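Coordinates in review
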Amino acid sequence: MSNGLYGIFNSNRTADDHWGKNCFNSSFPTSLACYMLDNNIKAIYITLAVKDNKLVIEPKEISINEVFNCANKSLHDLYFSFESIYKPYQQYSFDAIDGIDLVVKDINGNYLSPLEVKLTVIPTSQTSTLSEEKWGSEIVVRSATTSYCALGMFASIKESARNVREIFEDACSSIQMWDNDYEMTHKMPLLCQAVDDFQLEYYSHQKPLLMQTLWKTQGQSPILAEQAFDIVIWSDYAFSRLFLDHSAEPAETMRRGMRASARLARCLWELSKSGKIRMVDIYRQMAFGNQTDKEFAVGGSLWRKYVTPNRIQNLALKKDIVYQIIKPGDIDRLMPERRFDQTLYFTMRGKK
């Protein structure tokens, strides 16, 4: 164990950096993944498949070796670069691309995998009132995640750029103003169909994008459940269905999911034409009156429709695993955010 967290021997974070709220939320999931890698515990893998010529979500399992793309390297051979740019994708954008939560490299500096990292609780307050098999978790998605989704999709099939352009040409070439609410709401069915056609042809090229670490409590209480931890990996193609699946439905104005779908279609089309785009301009221009840092959110019940394995009811790792993930004594270094609602709840509850 190094830096107080299991498996993180080489990193751009020091031993002191991991314990702040914003850092711990990606350092702990990375350490948990390292533990699962060392102990040959596979993660849940949410993928996109084709059945009867239709796109369907298919849950599988995946080794952390595949997630990190580290080909049986030891943890001592890996370097975890948090909140960093995955430089192999920079070639596809004229302007500087955003950083992503975790970039896995080897100690020689070779880039292995870019991953967005989420640490989310199950159940949400909304799903906690349902029976346990319906409990879900929430995901709040940043625009950086959807931009990496587009870049990763293109990087995997760039040799087929000519064919990709043909798939998107009819839907995209007629668009006069990509930031016009009226035009875009009417063009969404065509754009979504083009993305569907693209994914039907190239879904075999999907790869891990989002690493969602779950921690489970006893209902709404703050106490950890006995089976407390697991990791759900979303492929880039499966992740995109979170915003694509309802974006073709009629709407008066551009919703967040529709905006993400339109951006994805535009990125893939423009990349297929020239191999290089102005990513920042696309995302800034196509705001449709919404803030640009938050892309969209997925509630617990919708999440559970995609993440269907029974394993969600009985997560893979027990709560006591914390003592192997975090060095004894280092839990005291955590500095939880003091929230007024929390203070009121614990101070005044039961008093009259």
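Reference entry: report on the structure contained in this document. Per chain, residues are indexed from 1 in the order of the written sequence. Local features in a predicted model are, by the rule used here, given only for residues with pLDDT of at least 70; side-chain atom pairs are given and counted only at 80 or more, and totals for whole chains, interfaces and linings are based on all residues. By convention in this description, side-chain values take in all heavy atoms of the structure and omit both hydrogens and water.

Here the focus is the overall build of the protein. When you go through the protein residue by residue, the secondary structure sums to eleven helices and ten strands. Every radius of gyration here is taken over C-alpha atoms, with the globule rule written as 2.2 Å times N^0.38, N being the number of residues. Expected size for 352 residues packed as a compact globule is a radius of gyration near 20 Å; at 21 Å, the protein falls within 12% of this value. Considering only C-alpha atoms, the protein reaches an extent of 60 × 55 × 40 Å along its principal axes. Relative to its 352 residues, the protein shows a buried fraction of 51%. In this description, contact between two residues means that some pair of their heavy atoms is separated by no more than 4.5 Å. In the protein, the share of contacts with a sequence separation of at least 24, taken over all contacts with a separation of at least 6, comes to 71%. Only the protein chains shown count as covering a residue, and every accessible area follows the Shrake-Rupley method with a 1.4 Å probe. Put simply, the protein shows about 16,500 Å² of open surface, and 48% of that area lies on carbon and sulfur atoms. Positive and negative side-chain charges of the protein, numbering 41 and 42 respectively, have mean locations separated by a distance of 3 Å. Only runs of H or I of at least four residues qualify as helices and only runs of E of at least two qualify as strands under DSSP, and these elements are numbered from the N terminus. Partly exposed residues are those whose accessible area sits between 20% and 50% of the maximum for their type, while under 20% is buried and over 50% is exposed, using a 1.4 Å probe and protein chains only. Residues scored as charged are limited to Lys and Arg (positive) and Asp and Glu (negative), so that His and the chain ends carry no count. Here the site of a charge means NZ on Lys, CZ on Arg, CG on Asp, or CD on Glu.

Moving on to the packing of aromatic side chains. A pair of aromatic rings is counted whenever rings of Phe, Tyr or Trp (Trp by its six-membered ring) have centres within 6.5 Å, and the orientation is called stacked for planes under 30 degrees apart, edge-to-face for over 60 and tilted otherwise. Applying the stated rule across the entire model yields 17 aromatic pairs. Measuring from ring centre to ring centre gives 5.6 Å for Phe 28 and Phe 229, while their planes differ by 55°; the resulting arrangement is tilted. A residue pair is termed long-range when its members are at least 10 positions apart, and Phe 28 in helix α1 (residues 21-38) and Phe 229 in strand β8 (residues 224-235) qualify at 201 residues. Here Phe 28 matches Phe 229 in class, with each residue buried. Taking the centre distance of 5.3 Å and the plane angle of 45° together, the rings of Phe 198 and Tyr 202 count as tilted. Taken together, the residues span about one helical turn, with Phe 198 and Tyr 202 both in helix α5 (residues 181-202) at a distance of four residues.

With that settled, the discussion passes to the pattern of salt bridges. For this document, the term salt bridge refers to a Lys or Arg side-chain nitrogen within 4 Å of an Asp or Glu carboxyl oxygen. Counting across every chain of the model gives 20 salt bridges. Between Arg 333 and Asp 16 there is a salt bridge; the shortest N-O distance is 2.3 Å. Of the two residues, Arg 333 sits in the loop between α10 (322-325) and α11 (340-348) while Asp 16 sits in the segment before α1, which places them 317 residues apart along the sequence. Arg 259 serves as the salt-bridge partner of Glu 295, at 3.2 Å between the closest nitrogen and oxygen. Of the two residues, Glu 295 sits in strand β9 (residues 294-298) while Arg 259 sits in helix α7 (residues 256-274), which places them 36 residues apart along the sequence.

A few words on unusual backbone geometry. Between Ile 122 and Pro 123 the backbone carries a cis peptide bond, its omega angle lying at 5°. Residue position: Pro 123 is located in the loop between β5 (111-122) and β6 (139-142). Backbone geometry at Asp 52 places phi at a positive 55°, although glycine is not the residue there. Take Asp 52: it is sitting in the loop between β1 (43-51) and β2 (54-62).

This part takes up a nonpolar patch on the surface. Taken together, Phe 340, Leu 344 and Met 348 make up a surface patch of nonpolar side chains, about 330 Å² in accessible area. Mapped onto the secondary structure, Met 348 falls in helix α11. Accessibility expressed as a relative area gives 44% for Met 348, which makes it partly exposed. Surface patches are drawn from residues lacking salt bridges whose relative accessible area is over 30%; two like charges belong together within 9 Å, two nonpolar side chains (Val, Leu, Ile, Met, Phe, Trp, Tyr) within 5 Å.

Let us now look at the environment of Ala 194. Here Ala 194 shows up in helix α5. In sequence terms Ala 194 and Phe 168 are 26 residues apart; their C-alpha atoms lie 5.6 Å from each other.

For the rest of this paragraph, the subject is α5. A helix is expected to span 1.5 Å multiplied by its residue count minus one. Here α5 is 22 residues long and its end C-alpha atoms lie 30 Å apart, about the 32 Å a rise of 1.5 Å per residue gives. Fitting one axis to the seven residues ending at a residue and another to the seven starting there, the bend at that residue is the angle between the two axes. The sharpest bend along α5 reaches about 50° and sits at Lys 187, with the proline Pro 189 one to four residues further on. Structurally, the start of α5 carries an N-cap: the backbone nitrogen of Tyr 182 is 3.1 Å from a side-chain oxygen of Asn 180. Between N or O atoms, a polar contact is any pair within 3.5 Å; within protein, one atom must be a potential hydrogen donor and the other a potential acceptor, and residues adjacent in sequence are included only when both atoms are from side chains.

Looking now at empty space enclosed by the protein. A water-sized probe, rolled over the atoms, reveals where empty space remains. With a 1 Å grid spanning the protein atoms alone, the term cavity applies to any set of points in which a 1.4 Å probe fits but cannot get out, the term pocket to an open set with protein on both sides within 12 Å along at least five of seven lines, and the term lining residue to any residue with an atom within 4 Å of a point. Grid points are joined across faces, edges and corners, and a volume is the space filled by probe spheres set on the points. Using the criterion set out here, one finds one cavity of 30 Å³ or more in the structure. Looking at the largest cavity, the residues that line it are Tyr 89, Pro 114, Tyr 148, Cys 149, Gly 152, Lys 207, Pro 208, Leu 209 and Asp 236. Looking at the lining of the largest cavity, the element that brings in the most residues is helix α3 (residues 143-157), giving three residues.

This paragraph deals with the packing of helix α6 (residues 236-244) against α7. In this analysis an axis means a line fitted to C-alpha atoms, helices contributing only their contacting stretch, and an angle means the value between N-to-C directions, from 0 to 180 degrees. Packing of α6 against α7 brings their axes to within 8 Å, and their N-to-C directions diverge by 130°. For the element pair α6 / α7, the angle class is oblique. In this structure, α6 uses Ser 240, Phe 243 and Leu 244 to contact α7, whose residues at the interface are Gly 257, Ala 260, Ser 261 and Leu 264. Any residue outside Ala, Val, Leu, Ile, Met, Phe, Trp, Tyr, Cys, Pro, Asp, Glu, Lys and Arg is labelled polar, Gly included; the first ten of those are nonpolar and the last four are charged. Partitioned by chemical class, the residues of the contact of α6 with α7 number four nonpolar, three polar and no charged. When an angle is under 35 degrees it counts as roughly parallel; over 145 it counts as roughly antiparallel; between 65 and 115 it counts as roughly perpendicular; any other value is oblique.

At their nearest, the axes of helix α4 (residues 161-173) and α5 sit 8 Å apart, and the two run at 165° to each other. By the angle between their axes, α4 is roughly antiparallel relative to α5. The chirality of how α4 crosses α5 is right-handed. On α5, the residues touching Asn 163, Val 164, Ile 167, Phe 168, Ala 171 and Cys 172 of α4 are Leu 190, Leu 191, Ala 194, Val 195, Asp 197, Phe 198, Glu 201 and Tyr 202. By convention the crossing between two helices is left-handed if the near helix lies anticlockwise of the far one by an angle smaller than a right angle, and right-handed if it lies clockwise.

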